[in-house]
Amino acid sequence: IITVSNYERERIIEKLHLPEDRVRTVYNACSEHFQAKHSEDELLAFKQKMNLPERYVLFLGNTDPKKNVYGVMAALKKLKEENKLPLPLVMPDLDREYLHRILHELKATHLTDNIVTCGYIPNHELPGIISNATMFLYPSLRESFGIPLLEAMACGVPVITSNTSSMPEVAADAALFIDPFRPETLAEKIEL
């Protein structure tokens, strides 16, 4: 059996009661187009094409609860209440209705002005939105691997991610880690 991280390898061995030598880890990689090689003019052109803010924090997530949109919004709410929200948050391809439900639940609909939802970004254009970001958030509750971590690091963007499941294994010493179950830890790192 081949799996994508030692974290998942240990889960498979435990759940299926397999000998350790029957399960191997082969790590994922990101596509070659995720690189920190874009010129300033290319980055500016992409930013203008997508109507992105001058500086922003990027969060790639979806409606899957493990992506922790709720925790990200709770962290933003805390920063906004303390007048410490440094930059707008760009959230491509996130369902606005889902986002509004979370903001309503958190009593934080005022955060809408600090959030940019720019629709679907094709994979070949993801390096543009990642490379333009001031920081990349990936505070998932659980991941088997987390390819977006590699993509952001390959683009040379600082990463904040979770201290759970495979993410410390994937990001190693190249990211800041937070407890995804405590939104205040994400707020503290964003504020840095």
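Anything mentioned here points back to the structure above.
Residues numbered from 1 in each chain as written. Predicted model: local features only at pLDDT ≥ 70, side-chain atom pairs only at ≥ 80, totals over all residues. Heavy atoms only, no water.

### Focus: the side chain of glutamate 125
Right, so step 1: For glutamate 125, the location among the structural elements is in the loop between β5 (115-116) and α5 (126-131).
Right, so step 2: Ignoring sequence-local partners within four residues, the contact set of glutamate 125 consists of Phe46 and Lys49. (Helix = DSSP H or I, 4+ residues; strand = E, 2+ residues; numbered from the N terminus. Contact = heavy atoms within 4.5 Å.)

### Re helix α2 (residues 40-49)
Right, so step 1: Along α2, the residues classified as buried are Leu43, Phe46 and Lys47. Angular distribution of buried residues about the axis of α2 spans 100°; they occupy a single face of the element. For α2, exposure combined with an orientation more than 90 degrees from the buried face picks out Asp41, Gln48 and Lys49.
Right, so step 2: Next to the buried residues of α2 lie α5.
Right, so step 3: Asparagine 51 sits one or two residues past α2 and shows a positive phi near 55°. (Buried < 20%, exposed > 50% of the residue type's maximum accessible area, 1.4 Å probe, protein only. Arc of directions from axis to C-beta.)

### Thoughts on the layout of surface pockets
Right, so step 1: Its volume calculated, the largest pocket comes out at about 280 Å³.
Right, so step 2: Along the walls of the largest pocket sit 14 residues, with Leu60, Gly61, Pro92, Asp93 and Leu126 positioned nearest its centre.
Right, so step 3: Residues that form the lining of the largest pocket fall into these classes: 8 nonpolar, 3 polar and 3 charged. (1 Å grid on protein atoms, 1.4 Å probe; cavity = no way out; pocket = protein on both sides within 12 Å on 5 of 7 lines; lining within 4 Å. Points joined across faces, edges and corners; volume = space filled by probe spheres on them. Nonpolar A, V, L, I, M, F, W, Y, C, P; charged D, E, K, R; others polar.)

### Considering the pattern of salt bridges
Right, so step 1: Tallying each qualifying case throughout the model produces 11 salt bridges.
Right, so step 2: Note that glutamate 82 and lysine 78 form a salt bridge whose closest N and O atoms lie 2.5 Å from each other.
Right, so step 3: A relative accessible area of 33% means that glutamate 82 is categorised as partly exposed.
Right, so step 4: The salt bridge involving lysine 84 is made with glutamate 191; its shortest N-O contact spans 3.5 Å. Taken as a pair, lysine 84 in the loop between α3 (69-81) and β4 (89-90) and glutamate 191 in helix α8 (residues 183-191) lie far apart in primary sequence, 107 residues in all.
Right, so step 5: For glutamate 191, a relative accessible area of 39% corresponds to the partly exposed category.
Right, so step 6: Ionic contacts of the salt-bridge type, sharing partners, join the residues Lys78, Glu82, Lys84 and Glu191 into one network. (Salt bridge = Lys/Arg side-chain N within 4 Å of Asp/Glu carboxyl O.)

### Observations regarding the packing of aromatic side chains
Right, so step 1: The tally for this structure, following the rule as stated, stands at 2 aromatic pairs.
Right, so step 2: Measuring from centroid to centroid gives 6.3 Å for tyrosine 27 and phenylalanine 145, while their planes differ by 50°, and the two rings are tilted. With tyrosine 27 in the loop between β2 (24-25) and α2 and phenylalanine 145 in the loop between β6 (135-138) and α6 (147-154), this pair connects stretches of sequence that are 118 residues apart.
Right, so step 3: A residue is classified by how much of its surface remains accessible, and phenylalanine 145, at 5% relative accessible area, is buried.
Right, so step 4: Its end group placed over the ring of tyrosine 7, arginine 11 keeps NZ or CZ at 4.6 Å from the ring centre. (Phe/Tyr/Trp six-rings, centres within 6.5 Å; stacked < 30°, edge-to-face > 60°. Lys NZ or Arg CZ within 6 Å of the ring centre and 35° of its normal.)

### Notes on the packing of α3 against α8
In a packed pair of helices, the relevant descriptors are the angle between the two axes and the axis-to-axis distance.
Right, so step 1: Two numbers describe how α3 lies on α8: the axes approach to 8 Å, and their chain directions differ by 60°. The angle between the axes of α3 and α8 places the two elements in the oblique class. In this structure, the crossing between α3 and α8 has a hand that is right-handed. Contact residues: Gly71, Val72, Ala74, Ala75, Leu76, Lys78 and Leu79 in α3; Pro183, Glu184, Leu186, Ala187, Ile190 and Glu191 in α8.
Right, so step 2: Of the residues belonging to the contact of α3 with α8, the class tally is 9 nonpolar, 1 polar and 3 charged. (Axes fitted to C-alpha atoms, helices over the stretch in contact; angles between N-to-C directions. Parallel < 35°, antiparallel > 145°, perpendicular 65-115°, else oblique. Left-handed = near helix turned anticlockwise from the far one by under 90°.)

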